[in-house]
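# Structure at a glance
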Amino acid sequence: MEGDPLSALCTPALVVDLKKVKKNAHEMIERCQKLGVQLRPHMKTHKTLECADIMTGGSRRCIVVSTLAEATFYADHGYDDILYAYSIPFDKVEKCASLSERLDLFQVLLDHPDALEQLKKRPLRDGRQWNVWLKLDCGNGRAGVLHSDDGALRLAKAMAEARGVELKGVYAHCGNTYGCRGVTEIQEVAQETTRLTLQFMEKLKLAGITCKSSIGSTPSCSHPVKDMEKLSEVHPGNYVFYDVQQSTIGSCTLKDVAVKVLTRIIGHSPHRNQFLVDCGWSALSLDGAGKLPTGYAVIEGHPNLKLLSMTQEHGRVEPISGQLDYDKYPLGTLLTLIPYHACATAAMHPIYHVHSEGSLVGGWTPTRGW
Ligand SMILES: Cc1ncc(COP(=O)(O)O)c(C=O)c1O
């Protein structure tokens, strides 16, 4: 109930610190304004209306989504200028067509000539054009045409020339910043992604094609390099919550993390020098593979404790060194876990409990599915 302390919640529970969310969102907006680049925040981390409103400053415009479920959810709530930044799956062309015919600006992304053919086979009604971005791989090594591949330029030209299709932009996600440690390394990857993207934009210009450019990730946009001002847009998402992974990379400090999982001690195992908590992988996820010195999460205020392993509904906790003093950890004790990867942890929860300085202020319900 509103006004209750966090300790009133049944556990496990995902709790969101509203002030930190607002601060993280505001700082990214300011950073982008200073850089003179359009922020197009990604919604995949939280998938809620309330958090989207904070990230867009209430404009309800200019967002990225990773699923059609998100796209439809936001469209249903008055959002527009939505970029579905996922190489368009052929089974979803019809749904994308409906969104394109319904919104002022629904945008899709592709990285293969066959995908362009699929769009051409489904012309949009009322003289509308498919608004399409080209996905470029500038070193991330996931989706996208390789920036140096002749096929990238060929595909861009084909997109620009295709009837019923408008080439809106070039999208390069620098997820390779997740392998960085510290600001210098982050900025090296940000610089290289920016350089390669701008180099590709020059090639397009020489071919008589102009469109937008976008790069991003939470690490690169938390510590942008000056050349990013030459881009049209950036597209980070995780920054609104941050997490232990981001603090390890150097995007933020642990104090900035806005999302935690509350759990309670539910069992003592002195024969193993462990206790059990009611947070298993169904409330935290297995992301991070337990590789932190403190295991699967950081247990706030208890630096000597390690979340060693989890089954679906149980977690095993042991001391990093020494013997557990069970008198300090009676059954029912509430512990706070700082998640390794906020996107993965949030995805496990049907509701986020929102608080301001420890007092509950409401609940956010995310959309789910694909
Ligand atoms: C295509 C794409 N764009 C943007 C983002 C947002 O990046 P981040 O999660 O680092 O904020 C992601 C995240 O994985 C992504 O996959």
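Residues numbered from 1 in each chain as written. Predicted model: local features only at pLDDT ≥ 70, side-chain atom pairs only at ≥ 80, totals over all residues.

Per an unreviewed UniProt entry, the protein chain is named D-serine dehydratase, and its organism is Cynoglossus semilaevis. What the UniProt record of the protein chain gives under Sequence similarities (unreviewed entry) is the line "Belongs to the DSD1 family." (UniProt positions renumbered as here; feature names shortened; annotations may be inferred.)

### Here we look at the environment of Q312
Along the chain, Q312 falls in the loop between β14 (305-310) and β15 (315-319). Counting along the chain gives 29 residues from Q312 to A283, while the straight-line C-alpha distance between them is 8.2 Å. Excluding its chain neighbours within four sequence positions, the residues that come into contact with Q312 are G280, W281 and S282. (Helix = DSSP H or I, 4+ residues; strand = E, 2+ residues; numbered from the N terminus. Contact = placed C-beta atoms within 7 Å.)

### Some details on the pairing of β14
Alignment of β14 against β15, held across 5 bridges, turns out to be antiparallel. In the strand pairing of β15, M310 is matched with G315. Counting the residues between successive antiparallel strands, the hairpin from β14 to β15 contains 4 residues. (Pairing = 2+ DSSP bridges.)

### Quick notes on the domain arrangement of the protein chain
When the parts of a complex come together, some accessible area is lost, and that lost area is often taken as the interface size. Partitioning the protein chain into structural domains gives domain 1 (36-239) and domain 2 (254-364). Each of domain 1 and domain 2 has a C-alpha centre, and these two points are 35 Å apart. In this complex, domain 1 contributes 7 residues to the contact, which on the side of domain 2 involves 5 residues. For the side of domain 1 that touches domain 2, the per-class residue count stands at 1 nonpolar, 4 polar and 2 charged. (Domains from an automatic or database assignment. Nonpolar A, V, L, I, M, F, W, Y, C, P; charged D, E, K, R; others polar.)

### Let's talk about the UniProt feature "domain: D-serine dehydratase-like" (unreviewed entry) in the protein chain
With numbering aligned to this structure, UniProt lists the feature "domain: D-serine dehydratase-like" (unreviewed entry) at residues 258-356. The distance separating the terminal C-alpha atoms of residues 258-356 is 11 Å; by composition the span is 9% helix and 40% strand.

### Focus on the environment of L146
With respect to the helices, strands and loops of the structure, L146 is situated in strand β7 (residues 145-146). As for L146 and A160, which are separated by 14 residues in sequence, their C-alpha atoms are 18 Å apart. Excluding residues within four positions of it along the chain, L146 makes contact with D137 and A152.

### With respect to helix α5 (residues 113-120)
Residue pairs three or four apart in sequence face the same way in an α-helix, which turns once every 3.6 residues. Burial in α5 covers these residues: A115, L116 and L119. In a view along the axis of α5, the buried residues occupy a sector of 100°, so they form one face of it. Among the exposed residues of α5, those pointing more than 90 degrees away from its buried face are D114 and E117. (Buried ≥ 20, exposed ≤ 12 C-beta atoms within 10 Å, placed from the backbone. Arc of directions from axis to C-beta.)

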